[in-house]
Amino acid sequence: MKKDIDFSPVTGVKLAIAKTETESGEDWAVYIINLNLIELKNVMITSKGYGELEGEQRKTSTLRHLIEELGAQSIAKIEPIDPAVFELTNEFWVSYYILDQIFDKKFIFTPGSFHPSLQRMIPELGLEGVLHS
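This section reports on the structure supplied with the text. Worth saying up front: this structure is predicted, and the values here are computed from it rather than measured. (Residues numbered from 1 in each chain as written. Predicted model: local features only at pLDDT ≥ 70, side-chain atom pairs only at ≥ 80, totals over all residues. Heavy atoms only, no water.)

### Digging into the overall build of the protein chain
From N to C terminus, the protein chain includes zero helices and ten strands. The order of helices and strands in the protein chain, counted from the N terminus, is β-β-β-β-β-β-β-β-β-β. Relative to a compact globule of 133 residues, whose C-alpha radius of gyration would be 14 Å, the protein chain shows 15 Å and is just as compact. Along the first, second and third principal axes, the C-alpha atoms of the protein chain reach 45 × 35 × 20 Å. Taking all 133 residues of the protein chain together, 41% fall into the buried category. For the protein chain, restricting intrachain contacts to residue pairs at least 6 apart in sequence, the fraction spanning at least 24 positions comes to 61%. A total of about 8,000 Å² of accessible surface is found on the protein chain, and carbon and sulfur atoms cover 52% of it. (Helix = DSSP H or I, 4+ residues; strand = E, 2+ residues; numbered from the N terminus. Rg over C-alpha atoms; globule rule 2.2 N^0.38 Å. Buried < 20%, exposed > 50% of the residue type's maximum accessible area, 1.4 Å probe, protein only. Contact = heavy atoms within 4.5 Å. Areas by Shrake-Rupley, 256 points an atom, 1.4 Å probe, with all protein chains shown as cover.)

In structure tokens form, the structure reads like this:
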């Protein structure tokens, strides 16, 4: 049962949504950043968007990603993201193992999180965007 599993607090793992400047404009993507000195195993990321857009309730498809190993102090690109969904709440559920211990955390980017005044340089990526830890 889930209630019997000891979920330790997540530390050293961050999620970022950052932009890359291209000839055709900006490309946005979601990244996971592992600052730990140990690799993460079987990283499962579930993403979805939901909320009100133009007066109607909307939700995106649920996407699932698996990263078998994310090395110590490394970064992985999870998925591209369309700026059109920035008006929605964007939720990312991240679960992973360190040794035999499971860790689990929900990262939520609320509408307004991507306002230009909130975007910062993310040193680990060398890109500008929004960082969630």
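Let's pick the thread back up.
### Structural notes on the sheet that holds strand S9 (residues 120-122)
The strand order S6-S2-S1-S10-S9 describes an open sheet built from five strands, whose pairing is antiparallel. One side of each edge strand has no neighbouring strand; the edge strands of this open sheet are strand S6 (74-80) and S9. Averaged over neighbouring strand pairs, the angle between their axes works out to 45° when direction is ignored. Pairing between strand S1 (residues 13-22) and strand S2 (residues 25-34): ten bridges, direction antiparallel. Note that in S2 the partner of lysine 19 across the bridge is tryptophan 28. (Pairing = 2+ DSSP bridges. Axes fitted to C-alpha atoms, helices over the stretch in contact; angles between N-to-C directions.)

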